[in-house]
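Given next are the chains, with one letter for each unit.
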Amino acid sequence: MRGGYGLFYDWYDSNLYEQTLRVDGTHQVDLVVTNPGFPVVEGGGVSLPPSVIRSASLTQPLVQQASAGFERPLTPGLGIRADYMWTRALDTLRSINVNAPNNGVRSNPLVGNVTEIQSTGRRASDRLTVNLNLQRPKQRITANVSYQLQRARNYADNATSLPSNSREPEADWGPSAQDIRHRLTVSFNAPLFLGIRTGINLTASSAAPYTVTSGRDDNGDTVFNDRPAGVGRNSERGAAQFNGTMRFTKSVRLGGAPPAVPGRAGTPVPRGGDRPVNSGEAGGSARHRMDVYAQVANPFNYVNYNQFIGNQLSPFFGAATSAGPARRVELGASLSF
């Protein structure tokens, strides 16, 4: 049995501070044009005063973490381990448009949107991980099966993301972009035949969340992230993911004087940083060795769909805009001497 608890502090990243210096309405100008003409832009729309990014009086974010777990053998060479991780963060950084219009009127008409970085956010995550490990040293076989159940929630996925309605920022509490509920990982390493060794790693995970938006600027703040009534942030799920790699390697001895083994009659004892190598290591006792390998990425050629469209006005609403790489085979060799 094991457990622990810790307090940690997050940073105010330099790139956030840099944005408050650059996007100040003078050094870097961010202009927003409302109701622009289309397809002819000239003569249409109204240009707002420059928008700015600034920081409020910040408090350093505090992160609390607690964990508990156990580990025990089931049979010789087979063991199980389970861990639970509890994380809560207070005063995390998020942004609010403090110059959002109220019934079409902005409190400060001399500027556009004022993205103010505040330490008023929070985040929470719970993660349970169960591992089953198999080790057979004599057969040079290792295997691992890991399952993870997770839940992660926050107000925003980065410090400059604005809520759908800056006058009701608490409504954006919901799943984070990292809220992958289920994840299964399998790894296996073993010798095959003719000196060939294989390594297999496979990962399957449930879908990541994405947000459904109305496709309109319903509250008039010029930020098109408004959601339909009753729809929460990151309330929809994309597609499950399945990926992995398979690697096959073979070591070929190329000759050369074998390294000395200390303690064996007639062989010198190595000095300094020389490391003895015995004949039981991969490649035998030859000093020169070539390793030939074949590696297959996404071996089952599974289509992993990504980046789903949440805009309800889009004809492609609910469809993916990209996919992960297809199967790829790589052949190579390396020399050791």
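Cut-offs applied
- Residues numbered from 1 in each chain as written.
- Predicted model: local features only at pLDDT ≥ 70, side-chain atom pairs only at ≥ 80, totals over all residues.
- Heavy atoms only, no water.
- Helix = DSSP H or I, 4+ residues; strand = E, 2+ residues; numbered from the N terminus.
- Buried < 20%, exposed > 50% of the residue type's maximum accessible area, 1.4 Å probe, protein only.
- Contact = heavy atoms within 4.5 Å.
- Areas by Shrake-Rupley, 256 points an atom, 1.4 Å probe, with all protein chains shown as cover.
- Salt bridge = Lys/Arg side-chain N within 4 Å of Asp/Glu carboxyl O.
- pLDDT = per-residue confidence, 0-100.
- Patch = residues over 30% accessible without salt bridge, like charges linked within 9 Å, V, L, I, M, F, W, Y side chains within 5 Å.
- Core = buried A, V, L, I, M, F, W, Y, C linked by side-chain atoms within 4.5 Å.
- Arc of directions from axis to C-beta.

K.L.:
Help me understand the overall build of the protein chain in this model?
P.N.:
What the protein chain contains, in helices and strands, is one helix and 18 strands. By residue count, 30% of the 337 residues in the protein chain fall in the buried class. Long-range contacts, defined here as pairs at least 24 residues apart, represent 68% of the contacts in the protein chain between residues at least 6 apart. Accessible area for the protein chain stands at about 20,400 Å²; split by element, carbon and sulfur atoms hold 56% of it.

K.L.:
Which parts of the structure should I look at to understand the pattern of salt bridges?
P.N.:
Close approach of charged atoms allows side chains with opposite charge to pair. Considering all chains together, one arrives at 14 salt bridges under this definition. One salt bridge connects Glu-116 with Arg-54, and the closest N-O pair in it is separated by 3.1 Å. Taken together, the residues Glu-116 in strand 7 (residues 114-136) and Arg-54 in strand 4 (residues 52-55) connect sequence positions 62 residues apart. Owing to a relative accessible area of 12%, Glu-116 belongs among the buried residues under this scheme. Measuring nitrogen to oxygen at the nearest pair gives 3.3 Å for the salt bridge that ties Arg-88 to Asp-126. Of this pair, Arg-88 sits in strand 6 (residues 78-97) while Asp-126 sits in strand 7; the two residues are 38 residues apart in sequence, bridging distant segments of the chain. Under the relative-accessibility criterion, Arg-88 is labelled partly exposed at 23%.

K.L.:
Just to check I follow, could you spell out the confidence of the model for the protein chain for this structure?
P.N.:
For residues with low pLDDT, the predicted coordinates do not support detailed interpretation. Taken as a whole, the protein chain shows an average pLDDT of 89; of its residues, 89% reach a score of 70 or greater. Below pLDDT 50 for its whole length, residues 269-284 participates in 16 contacts with residues either more than four positions away or in separate chains.

K.L.:
Quick question: what am I supposed to make of a nonpolar patch on the surface here?
P.N.:
A cluster of nonpolar residues, Leu-74, Tyr-84, Leu-128, Val-130, Leu-132, Val-145, Tyr-147, Leu-149, Leu-184 and Val-186, forms a patch on the protein surface that exposes about 730 Å² of accessible area. Those elements that provide at least two residues to the nonpolar patch are strand 7, strand 8 (141-154) and strand 10 (182-191). In this fold, Tyr-84 is placed in strand 6. A relative accessible area of 33% means that Tyr-84 is categorised as partly exposed.

K.L.:
For this particular structure, what's the right way to read the nonpolar core?
P.N.:
Grouped burial of nonpolar side chains is what soluble globular proteins tend to show. Leu-16, Val-23, Ile-53, Leu-93, Ile-117 and Ala-159 form the largest nonpolar core, which has six residues in total. Excluding residues within four positions of it along the chain, Ala-159 makes contact with Leu-16, Leu-93, Arg-94, Ser-95 and Ile-117.

K.L.:
Please clarify how helix 1 (residues 14-22) should be interpreted in this entry.
P.N.:
Think of an α-helix as turning once every 3.6 residues; residues three or four places apart then point the same way. Burial in helix 1 covers these residues: Leu-16, Gln-19 and Thr-20. Within helix 1, the buried residues cover an arc of 100° as seen down the axis, which keeps them to one side. Check the buried side of helix 1 and you find it contacts strand 4, strand 6 and strand 7.

K.L.:
Looking at this structure, how should I read unusual backbone geometry?
P.N.:
Most peptide bonds adopt trans geometry, and most residues besides glycine take a negative phi value. We note that Asn-103 has phi near 55°; this positive angle belongs to a residue other than glycine. For Asn-103, the position within the fold is in the loop between strand 6 and strand 7. Assessed through its relative accessible area of 78%, Asn-103 is described here as exposed.

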